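# A look at the structure
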Amino acid sequence: MLGNNLTTNTEQDAAQGTAGTKAQPDLEARSDARLGTLAAQRIAIEGVSIEIDGGRFPAKAVVGQPTIIEADIFSDGHDSIAAAVLWRRADDREACEATMTLVENDRWATSVVFPENDFYECKIISWRDLFTTWHKEVTKKLAAGQRIALELEEGRRLLEAGLKDGHPSGDARATLVGVLAADAAYAEAAGDDAPADAARFARLGDPSVLALMQQFGPRTNLTEYKTLTVFVDRKAAAFSAWYEIMPRSQSGDVNRHGTFDDVIARLPYVRDLGFDVLYFPPIHPIGKTNRKGRNNSLTAQEGEPGSPYAIGSEEGGHDAIHPELGSFEDFRRLIAAARDHGLEIALDFAIQCSPDHPWIKQHPEWFDWRPDGTIKFAENPPKKYEDIVNVHFYRGALPSLWYALRDVVLFWVDQGVRIFRVDNPHTKPFPFWEWMIAEVRAKDPGVIFLAEAFTRPKVMKRLAKVGFSQSYSYFTWRNRKQEITDYLTELTQEECREYMRPNFFVNTPDINPRFLQNSGRPGFRTRLVLAATLGGNYGVYNGFEICEAAPVPGKEEYLNSEKYEIRAWNMDQPGHIQDDIRLMNRLRRTHPALQHFTNVKFYHAWNDKVLSYGKQTGNDFLLIHVNLDPHNIQSFEFEVPLWEFGLPDEASVEVRDLVHGNSFTWHGKNHWLELEPHSRPYAIWQLFAPGVPR
C-alpha cells in the first residue's frame, strides 16, 4: 500500500502549486474531523466476552437464561464512568438497555435475558458520568469543611442538562423538576450561608436524585463498541439428555428387523429413564455393494443388514427410509408418539454414500473418480471403507451439492425433526457448514446441530463457531482427577464457553472406552454421574445401562457391534444401573444448578482418586463427590465451601443427601467421607445457606 502512495518531492511541489491554497484547508478540515471523532471516543472498551474472533462469529446464549456480558472499560483520570449494553433482536428497531456494573479491576458486567430463539445484536456503550463525579467530589469537600457554593451551582446545571437532554418523563421528570425548584427557593431564602450548603447538597445529591441522574444525566464522551451478534438457542441446545438406539434392534428378536412401531413400544422405557432426546443413527436405505458383515467383516453373509452409514440403494438415498423400518407415515406417527412422551427424535446426518446411492449416477460430478474410471472409496490410509464413497464439495459440485444437502436437512425438518447429530463434520468444509446451518436457521432457528468430531481441539472449536449447537468432546477420555479438572476449566472458563457447548457422551456405537472395558459396574456409574452432573448436555448409547463392555481385543470398539448386526437387548438383566440413570435425570430436571454448564467449581478433596465439585444457581447449591477408582474404597477429607455463602470456617450449613434422602447439619469447613465403589461411588449433597428454606 505504501508503494502506491509514494511521490517525489518535485511531484509534491507541483501538486501544491497547482492546487494553490485550497489543498491545505481541505487537509486541515479532514484532519479536524478525524481529530474530533477520535477525541470524542475517550473511553477504552476492550476484552468483550461475547466478541468471537473479532466479531466474525456470533456468541451463543439460551432463551430465558441469564447471559453474562463482560468487558474491560476504563478512562483516563479519576472521573466516574458508566456503561451499558444495548441489545435488540436483529430485525427490531428499538433496543433495550442493560446497565453494567463494575466487578473489579476495570472489569464490568451485566446480565441479559434474551426472550426468543433468534439472532440478537449487542453493543457496549460507555460514557463519563459527570453527575456521579460531581457527587463524589462534593461529598469529599463538604466532609473537609470546604465551601461548596460554586459546586452546588454546577450540580444545578447538570440537573438542568439532564432534564433537557435525558428526556425523563412521568415521576422521574417530576422529581427532578421538584428538586430544582425546592433548591432555588431554599437558596434564595438562605443566601450566602455556609451551613445552608449542606442542606442544599442533601437535596441535590439525594440518593434518589443520584439514581435518576445516572439514568438520565448527560452522557459525556459517549463511546460505542462495535455491534456484536449473539445467537439465542432454545433450551434443548444447552440442556438435554440423549439416549441412542438402533431402530432395527428394537424388535427383541435378532431374526426380525425392528420397525418404527417397535421403537414406539420402547418409548415408555426411554422416558422412564428420564431422557428427553431419542437419537437414531441413519435410517436410510443401506447399499449392498461391498456391504460389511458382522464385526466389520469385509464380506457380508446372506441376510446381514450392513452398516447404516452405507447410505443409499435402489430404494433411495438421504431423503428415503430403509423399507424394513416402515413408511413415512409410520415415521411421522413415531414423531408424534415421541412428542407425547416428552421426547424429541434426533437423526444422524451423514454425508456419505454407498456405491449404490442414486446420486452417483445422477450427479457423477459430485464424486471423485480414479484414472481407470472407477469411483474412489472413502479412505483413511491405510484403512479403506469399500462400502462407502465420499462426495467432494468443490469443482463441479459447487453449488449444486451444497443446495442438495441443505434440502435434505430441510426435508427432514418438514417431517418434524429439529435435532441432527452430524457424522464427521470435520472432514467437510467449514464454509459449507456455516452456510448450510444459516440457511436452515433462516427457516427454523430452533434446529439443533450436534458435531460428532473427536478431532483436534481447534477444529472442534471452529465447528462450534460456524454454527454447531453442541459438540462431542474429549470428556470420553478424561478419567483422572487432574485431567478432568483441567479440561472442564478450559471448557467453562476460557473463551470457548461463549460459543462451544459440549455434549458429554459416555459411549457411542463407535467408541467403547477402555475405562469402561476394565472398570465393571462401578466405572459405569462413575462415568454416568460425571457426565450428567458436569455436562449441560450428555448422552448414553443403549447397552450402557447393562454395563455392556465386551471389546474387540486391543481396540476401543464393541465386539458384536450393533453397527453390523441386529441385536436383541435385555435391559433388565442383573447388574443394570437404571436406577442411577433415573436418579441423575430426575436431579437434572429438578435442580436449576444442574441445568447450566459453566457454573461448575472444583473444591478440595485431599485424595487424588476423588473429584469434588459444586454447582450453584440462585439458592440451589449442589456439592458432588465422585470416586474415580472403580476398584478400591477411597477415604478422604474434603472442604465444605462455606465461603460461597459468606460464612466463616466455623459456621454450619444444613445438608440434604440427594442420594439417600436424609438431612443433617455440617459444622465447620472440614469433614471426612468414604466412598465404596461397589455400593455407591458417588455422593450428591444439597447445601442450604442460613435463612434459605429447605
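No experiment lies behind these values; they were computed from the predicted model shown.

Below, the discussion takes up the sheet that holds strand β1 (residues 44-46). Across the sheet, which stays open at both edges, the four strands sit in the order β1-β3-β7-β6 with antiparallel pairing between neighbours. Looking at which strands have only one partner, the edges of the open sheet turn out to be β1 and β6 (101-104). Neighbour to neighbour, the strand axes of the sheet diverge by 40° on average, direction disregarded. Examined bridge by bridge, β1 and strand β3 (residues 66-74) share three bridges and lie antiparallel to one another. When the bridges of β3 are listed, Ala44 appears paired with Phe74.

For the rest of this paragraph, the subject is the pattern of salt bridges. With the rule as written, the count across this model stands at 44 salt bridges. The shortest N-O distance in the salt bridge between Arg156 and Asp183 comes to 2.9 Å. Note that Arg156 is positioned in helix α5 (residues 149-165) and Asp183 in helix α6 (residues 170-190), a separation of 27 residues in sequence. A relative accessible area of 0% places Asp183 in the buried class.

All chains considered together, the criterion is met by 45 aromatic pairs. On the basis of an interplanar angle of 70° and a centroid distance of 6.4 Å, the ring pair of Tyr243 and Tyr269 is categorised as edge-to-face. Of the two residues, Tyr243 is situated in strand β11 (residues 240-244) and Tyr269 in helix α9 (residues 260-273); the sequence distance between them amounts to 26 residues. With respect to class, Tyr243 is no different from Tyr269; both count as buried. Clustering of aromatic rings is evident, with ring pairs tying together Phe349, Phe393, Tyr394, Trp402, Tyr403, Phe420, Phe432, Trp433, Trp435, Phe449 and Phe468. Here Arg527 stacks its cationic end above the ring of Phe475, 4.2 Å away from the centre of that ring. Seen from the ring of Trp569, Arg567 lies directly overhead, with NZ or CZ sitting 4.4 Å from the centre.

Moving on, we come to unusual backbone geometry. With an omega dihedral of 10°, the bond running from Leu398 to Pro399 counts as a cis peptide bond. Tracing the sequence through the fold places Pro399 in the loop between β15 (383-389) and α12 (400-414). Of note in this structure, Asp53 is not a glycine but carries a positive phi near 50°. For Asp53, the location among the structural elements is in the loop between β1 and β2 (59-62). Owing to a relative accessible area of 36%, Asp53 belongs among the partly exposed residues under this scheme. Even without being a glycine, Cys547 presents a positive backbone phi close to 60°. Note on Cys547: relative accessible area 17%, which makes it buried.

UniProt marks Asp510 with the feature "site: Transition state stabilizer" (unreviewed entry), using the numbering shown here. Following the sequence through the fold, Asp510 ends up in the loop between β19 (503-505) and α16 (514-534). The exposure class of Asp510 is partly exposed, given its relative accessible area of 27%. Ignoring anything within four residues of it in the chain, the contact list for Asp510 reads Arg421, Glu556, Glu557 and Lys563.

Taking 1.5 Å per residue, 17 residues should reach 24 Å; α5 reaches 25 Å between its end C-alpha atoms and fits that length. Listing the buried residues of α5 in full gives Glu151, Leu152, Gly155, Arg156, Leu158, Leu159, Gly162 and Leu163. The buried residues of α5 occupy an angular sector of 160° when the element is viewed end-on, so they sit on one face. In α5, those exposed residues whose orientation departs by more than 90 degrees from the buried face are Leu150, Arg157, Lys164 and Asp165. Buried positions along α5 lie against α4 (130-143), α6, α7 (194-204) and α8 (207-216). Two residues or fewer past α5, His167 is found with a positive phi of approximately 55°.

Relative orientation and spacing of two packed helices are given, respectively, by the angle between their axes and the distance between those axes. The interhelical angle for the contact between α5 and α6, taken along N-to-C directions, is 150°, at an axis separation of 10 Å. In this view, α5 runs roughly antiparallel relative to α6, as classed from their interaxial angle. Handedness of the α5/α6 crossing: left-handed. Facing Arg156, Leu159, Glu160 and Leu163 of α5, the residues of α6 in contact are Arg173, Leu176, Val177, Val179, Leu180, Asp183 and Ala184. Taken together, the residues of the contact of α5 with α6 break down into seven nonpolar, no polar and four charged.

Further remarks concern the pairing of strand β25 (residues 652-657). Burial along β25 is one-sided: the residues Val653, Val655 and Asp657 are buried and none of Ser652, Glu654 and Arg656 is. Between β25 and strand β26 (residues 663-667), which pair antiparallel in sequence order, lie five residues; one of them, Gly661, sits at a positive phi of approximately 95°. Taken together, the four bridges between β25 and strand β28 (residues 682-688) define a ladder with antiparallel strand orientation. Directly across from Val655, in β28, lies its bridge partner Leu687.

Turning to the packing of α4 against α5, a few remarks are in order. Here α4 crosses α5 at 160°, and the two axes come no closer than 10 Å. Relative to α5, the element α4 is oriented roughly antiparallel. Where α4 crosses over α5, the handedness of that crossing is left-handed. Here Leu130, Phe131, Trp134, Val138 and Lys141 of α4 lie close against α5, whose contacting residues are Glu151, Leu152, Glu154, Gly155, Leu158 and Leu159. Of the residues belonging to the contact of α4 with α5, the class tally is seven nonpolar, one polar and three charged.

What counts and how
Counting restarts for each chain: residues are numbered from 1 in the order of the written sequence. pLDDT decides what is reported in this predicted model: residues at 70 or higher carry local features, side-chain atom pairs at 80 or more are listed and counted, and totals for whole chains, interfaces and linings draw on all residues regardless. With hydrogens and water stripped out, all remaining heavy atoms of the structure feed into the side-chain values. Each pair of strands is called paired provided DSSP finds at least two bridges between the two strands. Put simply, DSSP H or I for four residues or longer makes a helix, DSSP E for two residues or longer makes a strand, and each gets a number counted from the N terminus. In this analysis an axis means a line fitted to C-alpha atoms, helices contributing only their contacting stretch, and an angle means the value between N-to-C directions, from 0 to 180 degrees. The rule for a salt bridge is simple: a side-chain nitrogen of Lys or Arg has to be within 4 Å of a carboxyl oxygen of Asp or Glu. Remark: exposure states derive from per-residue accessible area (1.4 Å probe, protein chains only) relative to the maximum for the residue type, with buried under 20%, exposed over 50%, and partly exposed in between. Stacked, edge-to-face and tilted labels apply to pairs of Phe, Tyr and Trp rings (six-membered ring for Trp) whose centres lie within 6.5 Å, assigned for plane angles under 30 degrees, over 60, and everything in between, in that order. Whether a charge lies above a ring is judged from NZ of Lys or CZ of Arg, which has to be within 6 Å of the ring centre and within 35 degrees of the ring normal. UniProt positions are given in the numbering used here, feature names are shortened, and annotations may be inferred rather than shown by experiment. By definition, residues are in contact when any of their heavy atoms lie within 4.5 Å. Expected helix span is given by 1.5 Å per residue-to-residue step, counting one fewer step than there are residues. The reported arc concerns the directions from the helix axis to the C-beta atoms and nothing else. Oblique is the label for any angle not under 35 degrees, not over 145, and not in the 65 to 115 range, which are roughly parallel, roughly antiparallel and roughly perpendicular in turn. Left-handed describes a crossing in which the near helix is turned anticlockwise from the far one by less than a right angle; the clockwise case is right-handed. Residue polarity is assigned by list, with Asp, Glu, Lys and Arg as charged and Ala, Val, Leu, Ile, Met, Phe, Trp, Tyr, Cys and Pro as nonpolar; anything else, Gly included, falls into the polar class.

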